[in-house]
Amino acid sequence: MSRARCQAQFFSFLIRRDFIAHGVSKSFKDLYGTVSTVSGLQGAIQIGINYGDEGDNLPSPDAVPTILQQHNIQRVRIFNPNLSFLRAINNTLIEVVLGTLNEDVLTLASDASYATSWINTNIIPFTNVNFKYISVGNEITFPGNYASSLVAAIQNLDAALKTSNRPIPVTTAIDMLPIAVSYPPSVGRFTDDSTPIFRSLASFLNTNGYPLLVNAYPYFAYLGSGGVSLDYVLFNTTDVVVQDGEYGYKNILYAMVDAIYAALEKLDAPDVRIVVAETGWPWSGNDVATTDYASMYNNNLIAQLTSTTGTPRRPSVELETYIFFV
């Protein structure tokens, strides 16, 4: 594993550790207060949250649907089939992004009957759950055994869903590590060793009209760049910071997303829509990991999503986004 990959995965661990270990209850309160300020605009912007099952002071699965409804949060992502949560959210209009465990990828790929069993256990009983997507794995390492089996696992789950008459888009959630070059965004491309897998994945998603889920953290870009301004990362600038041909960027999140759009275009998959499945800001660990900056990032992110439809490269495509808190 390269030093860059080790560092990025370590940073990913740190940000999740900080989210989980420090002030989880406060984070929920802050998020609700932030989202409720734009609750009247929820039909126009696509904002959701991630709800995990690790950490202290977490709302119980039974309580979460009521909390979400109270604050007009209409989308939620969970990382594995939490049956208690699925039972609780049944008969609500809340859209659910459901993940599989990474360790299930190999079996899902090699055994179509297991994919059917997975659907029969985690999807079929919940006839009134509004499943938006199924994500096969989260931040799988490219290349690797899981990555080599990823497309087959997605295809088997997709076939099982269609056979069961539950056509739910099936995809995966990636981080930024498979992107070899992201600056300027128009030169974005996948790494050489991950390109064959992404070519197959992108073709499947493009053919079926399914999105690609991306975990994008400007915080990491700020720590690793040495030259990116904090205002550019926190949505605090009203001026174009990066001019990339006809596209001007005022925040780095949109530049990150457009780098992946450019990479997909190079794989002849220009119609694959990107969903930001995770983003957020930690509030412990260094001088910029503070509650003030975390609040600023989330508030400014929501304001940005409210004021613009999409990224410079995809201005008419709404950027569906899920904030990571727990």
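Worth saying up front: this structure is predicted, and the values here are computed from it rather than measured. (Residues numbered from 1 in each chain as written. Predicted model: local features only at pLDDT ≥ 70, side-chain atom pairs only at ≥ 80, totals over all residues. Heavy atoms only, no water.)

Novice: Describe helix 12 (residues 291–307), naming the residues involved and giving the relevant values.
Specialist: When the terminal C-alpha atoms of helix 12 are compared, their 24 Å separation across 17 residues agrees well with the 24 Å that a helix rising 1.5 Å per residue should span. Taken together, the buried positions of helix 12 are Ala-294, Tyr-297, Asn-298, Asn-300, Leu-301, Ile-302, Gln-304 and Leu-305. (Helix = DSSP H or I, 4+ residues; strand = E, 2+ residues; numbered from the N terminus. Expected span 1.5 Å × (residues − 1). Buried < 20%, exposed > 50% of the residue type's maximum accessible area, 1.4 Å probe, protein only.)

Novice: Got a sec to walk through unusual backbone geometry? Specific residues and values, please.
Specialist: Each neighbour pair has its own omega, and for Phe-142 with Pro-143 the value is -10°, a cis peptide bond. With an omega of -10°, the peptide bond running from Tyr-183 to Pro-184 counts as cis. Turning to its location among the elements, Pro-184 is positioned in the loop between strand 6 (179–181) and strand 7 (189–190). Phi at Glu-139 is positive, roughly 55°, even though this residue is not glycine. As for its placement among the helices and strands, Glu-139 is situated in the loop between strand 4 (130–138) and helix 7 (145–163). When its relative accessible area of 17% is taken as the criterion, Glu-139 is described as buried.

Novice: Tell me what's going on with the confidence of the model for the protein, and back it up with residues and numbers.
Specialist: In this model, the protein carries a mean pLDDT of 86, and residues with pLDDT of at least 70 account for 83%. Below pLDDT 50 for its whole length, residues 1–44 participates in 80 contacts with residues either more than four positions away or in separate chains. (pLDDT = per-residue confidence, 0-100. Contact = heavy atoms within 4.5 Å.)

Novice: Give a detailed account of the sheet that holds strand 1 (residues 47–50), specifying residues and quantitative values.
Specialist: The parallel closed barrel is built from eight strands, whose spatial order is 1-2-3-4-5-8-11-12. The mean angle between the axes of side-by-side strands here comes to 25°, regardless of whether they run parallel or antiparallel. Here four bridges tie strand 1 to strand 12 (residues 321–324), and the two strands are oriented parallel to one another. Looking across to strand 12, one finds that Ile-47 is bridged to Thr-321. Helix 7 contacts strand 4 and strand 5 (170–174) of the sheet and is inclined by roughly 145° relative to strand 5. Packing of helix 12 onto the sheet brings it into contact with strand 1, strand 11 (274–279) and strand 12, and relative to strand 12 it is tilted by some 175°. (Pairing = 2+ DSSP bridges. Axes fitted to C-alpha atoms, helices over the stretch in contact; angles between N-to-C directions.)

Novice: With reference to specific residues and values, describe the packing of aromatic side chains.
Specialist: By the definition in use, this model includes ten aromatic pairs. Seen in terms of ring centroids, Tyr-217 and Phe-220 are 5.2 Å apart; in terms of plane orientation they differ by 50°. Their pairing is tilted. Summarising the burial analysis for this pair, Tyr-217 and Phe-220 share the class buried. When the centroid spacing of 5.2 Å and the interplanar angle of 80° are considered together, the rings of Tyr-219 and Trp-281 count as edge-to-face. Of this pair, Tyr-219 sits in helix 9 (residues 218–225) while Trp-281 sits in the loop between strand 11 and helix 12, and the two are 62 residues apart along the sequence. Here Tyr-219 matches Trp-281 in class, with each residue buried. (Phe/Tyr/Trp six-rings, centres within 6.5 Å; stacked < 30°, edge-to-face > 60°.)

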